[in-house]
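Fold and contact review
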Amino acid sequence: MADVAPVVELVGVGRTFPGPPEVRALQDIDLVIPRGDYVSILGPSGSGKSTLLNLLGLLDRPTAGAFRLDGIDTSSLPEHRRAFLRGSRIGFVFQSFHLLNHRSIEENVELALLYSGVRPTQRRQRAAAALERVGLGHRLGFAPLTLSGGERQRVAIARAVVNRPSLLLADEPTGNLDDATTAQILDLFDELHAEGLTLAVTTHDADVARRAHRPVRIRDGRIEPIVAADPGIERP
Amino acid sequence: MRRGARRLDGRAHLRLGDLLSEAGAALTARPARTLLTAMGTVLGVAALVATLGLARTAGTQIVTRFDELAATSVQVRPAGQGGFAGADTTVRSSIPWDAGDRLARLNGVRSAGTYTALGTKASRTVPLVDPTGRDVVQLPVVAVSGGTFDAVRARVRTGRFFDDGHNVRRDPVAVLGPAAAQRLNVTRVDQGPVVFVDERPLIIVGILDGVVRQPELLGAVIIPDGIARTRFGLRAPAEVQVDVAVGAAELIGSQAALALDPNQPERLRVAVPRSPRGVQEQVQADVNGLFVVLGAISLLIGAIGIANITLVSVLERVGEIGLRRAVGAARRHVAAQFLVESAAVGLLGGIIGASGGVLTVVAVSAARGWTPVLDPWLPLAAPLSGLAIGLLAGAYPAWKATAIEPITALRQGT
Ligand SMILES: Nc1ncnc2c1ncn2[C@@H]1O[C@H](COP(=O)(O)OP(=O)(O)OP(=O)(O)O)[C@@H](O)[C@H]1O
Ligand SMILES: [Mg+2]
């Protein structure tokens with residue numbers, strides 16, 4: 001396994017929004033996420049968590065530095081190639097779920113397989129299996145609006161893992177959920193991590209961050225030096 | 001298990017069937033909006049199909065009638081003379097008295113006869129003159145030869161037509177048109193009633209029921225050329241009416257003048273009906289020109305409607321666009337989806353519109369007793385034109401959708 005490239009390798013990455021006014025949302029980010037890691041990206045509002053996650057998800061391009069995903073240098077890739085990598089190697093979970101309300105939950109999950117040419121029958125089987133995996137096997141055929149917030153986020157997680165991604169990215173996945181539901185979602189992340197999935201989860205909630213394998217603290221667009229057994233995280 | 005062996009050069013791709021079903025799902029999610037969006041195209045296509053169909057149908061009806069009446073009608077008149085020679089006996093035409101017989105010998109002529117309007121004359125049937133003149137009516141008098149009745153396809157109601165015998169003997173006889181008979185109060189001819197024209201008696205031998213050509217005969221006193229020469233100084237017939245077989249008009253047109261005036265055929269002018277094709281095309285062109293413009297305008301409005309609603313729906317579905325990009329859709333997949341949606345709306349409008357247009361043609365035809373006629377390509381071309389309009393209208397919104405960056409989309413949309 002030593003020769004296997006890390007899932008994420010950021011070298012000197014910066015992201016500046018041209019404005020005006022110009023906003024330096026990220027500066028000099030060096031970050032390596034090995035396969036099977038579970039990192040939380042923790043920081044106050046406006047620190048650049050979402051910007052970083054969007055870069056990791058190939059939804060945005062850095063204005064400085066290099067980003068290698070599974071060893072592939074992504075900065076030189078044309079947009080359609082990046083779209084393919086998004087569809088095949090990355091799963092997204094958003095704070096506001098982003099489900100299509102007019103479609104059943106299976107159709108929402110199938111959407112993640114639509115643009116990689118998986119055949120419809122196989123799509124349906126994999127979507128059902130993914131929903132089963134997140135504990136929604138009994139809700140097949142339901143419309144998203146008939147589900148609770150926690151159930152909707154589990155549909156989104158099923159959609160994010162159905163393409164068996166290299167990396168699951170979750171931006172404030174529990175931001176809209178109460179404590180009990182948050183705990184269920186975090187348990188699900190633990191299980192997925194235990195099955196070998198690599199996760200990066202942003203949060204400004206220390207409790208959520210504590211569930212991760214490794215915290216990455218970010219402030220004003222820069223990663224703060226990692227301090228082992230940071231008391232601010234381990235014990236408030 | 002998860003990674004490693006995957007192709008690096010892979011491209012996102014979308015199956016055609018999936019593209020269609022995604023577009024279908026989006027359109028059926030808001031059925032009322034989809035139908036309303038298609039409405040402009042429905043009206044435009046319906047207007048065009050109805051217009052083209054009705055023009056074709058009406059054109060065909062006109063040609064059918066034209067065939068029966070006009071296409072078999074040929075007239076010969078002196079050259080340089082627009083209308084009838086009338087009773088203007090100072091101008092002598094070169095048409096001979098036996099013009100009808102001469103033309104009837106030509107192959108393709110069914111019947112022929114001379115025709116001269118002699119103007120209006122005071123006419124009465126009552127022998128004693130009423131001082132107030134109530135019984136005297138002014139009636140047009142027309143001199144014809146025996147073959148003319150067939151040439152104008154006259155039908156007799158009572159009595160008989162006069163013939164060439166009466167003509168040659170210069171018998172003082174007359175046939176009344178039905179309107180003339182009514183004004184003169186003549187209903188029967190078996191007692192040999194007399195009509196006084198310019199105070200001189202003519203024996204009424206028959207009353208017309210109707211004619212197919214020369215409807216002025218319905219109100220006229222019709223007399224033989226012979227008595228017209230004696231009484232009214234007619235020196236030559238003003239024109240010849242010829243009834244020809246279908247398709248023979250052109251041929252007779254080239255032969256008639258020579259048959260009537262072999263020495264100087266150029267002194268006669270032969271009026272031949274225009275060809276039915278030409279008439280049909282002209283009618284269609286007249287109707288089409290106007291309404292096709294209206295139909296095209298409604299289509300344009302339909303296209304603008306689709307473009308407008310598709311643009312609104314792109315803005316509404318920014319979140320969905322961001323999501324699709326996040327799960328691997330390339331820009332062209334987003335563009336393709338909106339194009340397919342607008343094309344489907346256009347096609348739907350085209351299909352409904354074409355059906356409406358065809359129904360209109362059938363309904364109008366039924367009301368008028370016409371045979372509905374449609375160009376076979378029309379019911380096919382109409383939905384396709386709707387499709388084309390949808391594609392055209394979707395181009396700009398689809399392009400707008402591709403310009404939306406996924407991060408902006410995901411930030412905005414819910
Ligand atoms: N498209 C943009 N244009 C200009 N500035 C931007 C844009 N996106 C983000 N920013 C700025 O970059 C900085 C970081 O934003 P980001 O959304 O990454 O913060 P965050 O850590 O996710 O905050 P929160 O916890 O509130 O979600 C902010 O100051 C924000 O205003
Ligand atoms: Mg954020």
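Residues numbered from 1 in each chain as written. Chains lettered and ligands numbered in written order. Predicted model: local features only at pLDDT ≥ 70, side-chain atom pairs only at ≥ 80, totals over all residues. Heavy atoms only, no water.

1. Examining the site of ligand 1
Residue and element names in this part refer to chain A. Stated formally: To be near a molecule or strand, a residue needs just one of its heavy atoms within 4 Å of it. Throughout this description, a polar contact denotes any pair of N or O atoms lying within 3.5 Å of each other; where both atoms belong to protein, one of them has to be capable of donating a hydrogen while the other can accept it, and for residues adjacent in sequence the pair is counted only when both atoms sit in side chains. Each accessible area value is a Shrake-Rupley result obtained with a 1.4 Å probe; residue values ignore everything except the protein chains displayed when judging cover. A helix here means a DSSP run of H or I that spans at least four residues, while a strand means a run of E at least two residues long, and both kinds are numbered starting from the N terminus. In the scheme used here, Gly and all other residues not listed as nonpolar or charged are polar, with Ala, Val, Leu, Ile, Met, Phe, Trp, Tyr, Cys and Pro taken as nonpolar and Asp, Glu, Lys and Arg as charged.
The environment of ligand 1 is formed by 13 residues, the closest being S45, G46, K49, S50 and T51. The backbone of S47 places a nitrogen or oxygen atom 3.2 Å from an oxygen atom of ligand 1. Take K49: an N or O atom from its side chain is 2.7 Å from an oxygen atom of ligand 1. A total of 630 Å² of accessible area belongs to ligand 1 in isolation, and the protein chains cover 66% of it. When contributions to the shell around ligand 1 are tallied by element, the ones reaching two or more residues are β2 (23–33) and α1 (49–56). The residue inventory of the shell around ligand 1, partitioned by class, reads 4 nonpolar, 6 polar and 3 charged.

2. Topic: the sheet that holds strand β9 (residues 214–219) of chain A
Residue and element names in this part refer to chain A. Spelled out, the test is: Strands are labelled as partners when DSSP assigns at least two bridges between them. Contact between two residues is taken to exist if any of their heavy atoms lie within 4.5 Å; hydrogens are not considered. Fitted lines through C-alpha atoms give the axes, limited to the stretch in contact for helices. The angle between two N-to-C directions lies from 0 to 180 degrees.
Strand order in this open sheet of 6 strands is β6-β7-β8-β3-β9-β10, and the pairing throughout is mixed. Pairing within the sheet leaves two strands with one partner each, and these edge strands are β6 (90–94) and β10 (222–223). As judged from the 5 bridges shared by strand β3 (residues 38–42) and strand β8 (residues 198–203), these two strands associate in the parallel manner. Counterpart to V39 in the pairing with β8 is A200. Where α1 meets the sheet, it contacts β3, β6, β7 (167–171), β8 and β9, and its direction lies at approximately 155° from that of β7.

3. Comments concerning the packing of helix α5 (residues 149–161) of chain A against helix α6 (residues 179–194) of chain A
All names here are of chain A. Heads up, the condition is: Working definition: roughly parallel below 35 degrees, roughly antiparallel above 145 degrees, roughly perpendicular at 65 to 115 degrees, and oblique for all remaining angles. Here a crossing is called left-handed whenever its near helix is offset anticlockwise from the far helix by less than a right angle, and right-handed whenever the offset is clockwise.
Two elements in contact, α5 and α6, have axes separated by 10 Å at closest approach and are oriented at 20°. For the element pair α5 / α6, the angle class is roughly parallel. The handedness of the crossing between α5 and α6 is right-handed. Residues G150, Q153, R154, I157 and V161 of α5 lie in contact with α6, whose contacting residues are T181, Q184, I185, L188, F189 and L192. For the contact of α5 with α6, a count of residues per class yields 6 nonpolar, 4 polar and 1 charged.

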